[in-house]
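# Structural characterization, general
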Amino acid sequence: MTAAAAPAPDGYARGARILSVGIATTGVLTFGYFAVAANVLDQDEYGAVSLLWTVLFVVMSVIYRPVEQLLSRSIAARRAQGLDAGSLRTPLLIQGAFALGFLVLALVFRGPLIDLFGGADALYWTLLVASLAYAASYFARGYLAGHQQFALYGALVFFEATSRIAFPVAVAVGIASGQTAVALGIAAAPLASLLVIPWAFARREPAAASGPRDQAALRAGAGFAGSVAVIQLAEQTLVNAAALLVDTAAVAGIVFSAFLITRAPLQLFQVVQTSLLPHLAGLDATADRGEFERAIRVTVLAIAAFAGAIALGLLLVGPWAMDLLFGDLHDYGRGGLALVAVGMGLHLAAGTLNQAALARDRAHQAAAAWAVAAVVFIGWMLLGVVDDELLRAETGYPLAAGLLCALLYRLDRRAYAA
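Overview of the structure. None of these values were measured; they are calculated from a predicted model.

A count of helices and strands for the protein chain gives 14 helices and zero strands. Out of the 418 residues belonging to the protein chain, those deemed buried represent 50%. With an accessible surface of roughly 18,100 Å², the protein chain has 67% of that area assigned to carbon and sulfur atoms.

All right, on to the pattern of salt bridges then. When their charged atoms lie close together, side chains carrying opposite charge are able to pair. If you walk through the whole model with that rule in mind, you get nine salt bridges. Across the salt bridge formed by Arg360 and Glu293, the nearest N and O atoms sit 2.8 Å from each other. Of this pair, Arg360 sits in the loop between helix H12 (334-359) and helix H13 (363-383) while Glu293 sits in helix H11 (residues 289-326), placing them 67 residues apart in sequence. Residue classification places Arg360 among the buried residues on the basis of a relative accessible area of 10%. Residue Glu293 is classed as buried on the basis of its relative accessible area of 12%. In this structure, the salt-bridge partner of Asp412 is Arg360, at a minimum N-O distance of 2.6 Å. Of the two residues, Asp412 is situated in helix H14 (residues 389-417) and Arg360 in the loop between H12 and H13; the sequence distance between them amounts to 52 residues. Connected through shared salt-bridge partners, Glu293, Arg360, Asp412 and Arg413 make up one network.

Core analysis: the largest hydrophobic core is formed by 74 residues, its most contacted members being Val255, Leu280, Phe377, Leu404 and Leu408. The element contributing the most residues to this core is helix H10 (residues 249-285), with 13 residues. Discounting residues that sit within four places of it in the chain, Val255 has contacts with Ala242, Ala243, Val246, Leu390 and Ala393.

Moving on, we come to helix H5 (residues 121-146). Between the first and last C-alpha of H5 there are 38 Å, a value that for 26 residues agrees with the 38 Å anticipated at 1.5 Å per step. Of all 26 residues making up H5, 20 are buried, and the element is well covered by its neighbours. Backbone geometry just downstream of H5 places Gln148 in the positive-phi region, at approximately 55 degrees.

Another point: the packing of H12 against H13. Packing of H12 against H13 brings their axes to within 8 Å, and their N-to-C directions diverge by 155 degrees. Judged by the angle between their axes, H12 and H13 are roughly antiparallel. Crossing geometry of H12 relative to H13 is assigned as left-handed. Contacts between H12 and H13 involve His347, Ala350, Asn354, Ala357 and Leu358 from the first element and Ala363, Ala366 and Trp370 from the second.

With 38 residues, helix H2 (residues 43-80) should cover 56 Å at 1.5 Å per step; its first-to-last C-alpha distance of 52 Å lies within 8% of that length. The principal kink in H2, of about 45 degrees, is found at Tyr64, preceding the proline Pro66 by one to four residues. N-capping of H2 is provided by Asp42, with a side-chain oxygen placed 3.1 Å from the backbone N of Asp44.

We now examine the packing of H5 against helix H7 (residues 179-193). Where H5 meets H7, the axes come as close as 7 Å, and the angle between the chain directions of the two elements is 15 degrees. In terms of orientation, H5 and H7 fall into the roughly parallel class. Between H5 and H7 lies a crossing of left-handed hand. Mapping the contact onto sequence places Ala122, Leu123, Thr126, Val129, Ala130, Ala133, Tyr134 and Ser137 in H5 and Gln179, Thr180, Ala183, Leu184, Ile186, Ala187, Ala189, Pro190, Leu191 and Ser193 in H7. Split into classes, the residues belonging to the contact of H5 with H7 amount to 13 nonpolar, five polar and no charged.

The subject of this paragraph is the packing of aromatic side chains. How two aromatic rings sit relative to each other is given by the distance of their centres and the angle of their planes. Counting across every chain of the model gives four aromatic pairs. Residues Tyr124 and Trp125 carry aromatic rings whose centres are separated by 5.1 Å and whose planes lie at 75 degrees to one another, so their mutual orientation is edge-to-face. Residue Tyr124 is classed as buried on the basis of its relative accessible area of 0%. A relative accessible area of 40% means that Trp125 is categorised as partly exposed. Sitting over the face of the ring of Tyr138, Arg141 holds its NZ or CZ atom 4.2 Å from the ring centroid.

Quick look at the side chain of Arg73 now. By secondary structure assignment, the location of Arg73 is in helix H2. Here Arg73 falls in the buried class, since its relative accessible area comes to 16%. A polar atom in the side chain of Arg73 sits 2.7 Å from the backbone oxygen of Leu358. The contacts of Arg73, once residues within four sequence positions are left out, are Phe224, Leu277, Ala281, Leu358, Ala359 and Asp361.

Looking now at unusual backbone geometry. In this model, Asp361 sits at a positive phi of 60 degrees, which is unusual for a non-glycine residue. Residue classification places Asp361 among the partly exposed residues on the basis of a relative accessible area of 47%.

Looking now at a nonpolar patch on the surface. Nonpolar side chains collect at one region of the surface, where Leu312, Leu315, Leu316, Val317, Trp320 and Leu324 lie side by side and expose about 650 Å² of accessible area between them. By the element assignment, Val317 lies in helix H11. For Val317, a relative accessible area of 42% puts it in the partly exposed group.

The rules we used
Residues numbered from 1 in each chain as written. Predicted model: local features only at pLDDT ≥ 70, side-chain atom pairs only at ≥ 80, totals over all residues. Heavy atoms only, no water. Helix = DSSP H or I, 4+ residues; strand = E, 2+ residues; numbered from the N terminus. Buried < 20%, exposed > 50% of the residue type's maximum accessible area, 1.4 Å probe, protein only. Areas by Shrake-Rupley, 256 points an atom, 1.4 Å probe, with all protein chains shown as cover. Salt bridge = Lys/Arg side-chain N within 4 Å of Asp/Glu carboxyl O. Core = buried A, V, L, I, M, F, W, Y, C linked by side-chain atoms within 4.5 Å. Contact = heavy atoms within 4.5 Å. Expected span 1.5 Å × (residues − 1). Axes fitted to C-alpha atoms, helices over the stretch in contact; angles between N-to-C directions. Parallel < 35°, antiparallel > 145°, perpendicular 65-115°, else oblique. Left-handed = near helix turned anticlockwise from the far one by under 90°. Bend = angle between axes of the 7 residues up to and from the residue. Polar contact = N/O pair within 3.5 Å; in protein donor to acceptor, adjacent residues only side chain to side chain. Nonpolar A, V, L, I, M, F, W, Y, C, P; charged D, E, K, R; others polar. Phe/Tyr/Trp six-rings, centres within 6.5 Å; stacked < 30°, edge-to-face > 60°. Lys NZ or Arg CZ within 6 Å of the ring centre and 35° of its normal. Patch = residues over 30% accessible without salt bridge, like charges linked within 9 Å, V, L, I, M, F, W, Y side chains within 5 Å.

So this is what it looks like as structure tokens:
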């Protein structure tokens, strides 16, 4: 077994700084991709490309991110103990099973998916290629995060975003044309991100030898990944279900616009999550409880300050800002928008406590907490306690996020006392 250097004490902060550049740039370029696409395609074509991205994003979040987190946690914990990264066989098998499962389902539901994309076969095949490529891309992300190779992680997401936006830009300048050319950027992006793999594996430690414990490792890894998949599905429910559980498409658009307040911070929070999990896993492996608790406390306090500032800003200029960005089709209330910001803060705090639970191998219990919060949110929306559907969503979101925070905090305290 080859010893591995433990992460530097400042790896978390340094990693977050490096990742913030890569992921922030990715967010801007992703927005740019859709902005350019909207200008070179007609409304129906753009809508189909947007649906393609939405389906793919849910797939990435729910079935591929769990293995990223599994790798990040397990590699970081071993390296903190001075061990090698261990065998990659178990996460490879799990990620392969997830990818194969999605491929089978996509083939079975080929007709409905093509109909969803407005009859465009090319978008369907783009979805299949992109989904398989992202399986490899998210595996690489987990490997890089576990080794705290954050510069390469930032390069991965940067290559992904720049290659994607190149396709609608090519259409805009006349090099290419049509919906298919724009959509191909969605498939090319994860393939381009794999350019970092030669650098990532250049200094890879020798994998641990296979043995009779492989079956136990596979069961444990699959259980962890399955729990994280439940967490990701519940998180998507908290962010997206409100727009799906209202009566009309017009109201759905209004609710969707209000919940955009949460989307950008949640995407940027990936910077924290990506560097926080391996940092906490390493601290847990070395039984450094003081530093573990300090990392959680500092992160939650920073989130509280950020969410408080957003809520205050929305109380002051929220309706004006919404009219400026989305037109005057609806009068958004200051209080309701501020409630969404509060919910966003609670959601981010819950995400921090969730990383602590994953680092302490409490994924099953964390998944149960997320599932309860998602069910409560759906129940709140369906019961119609508040007549106004937008206000119902604006009040239900912080309610569910607050419940989630309480459940995860209780889990954190129980784990700390153990």
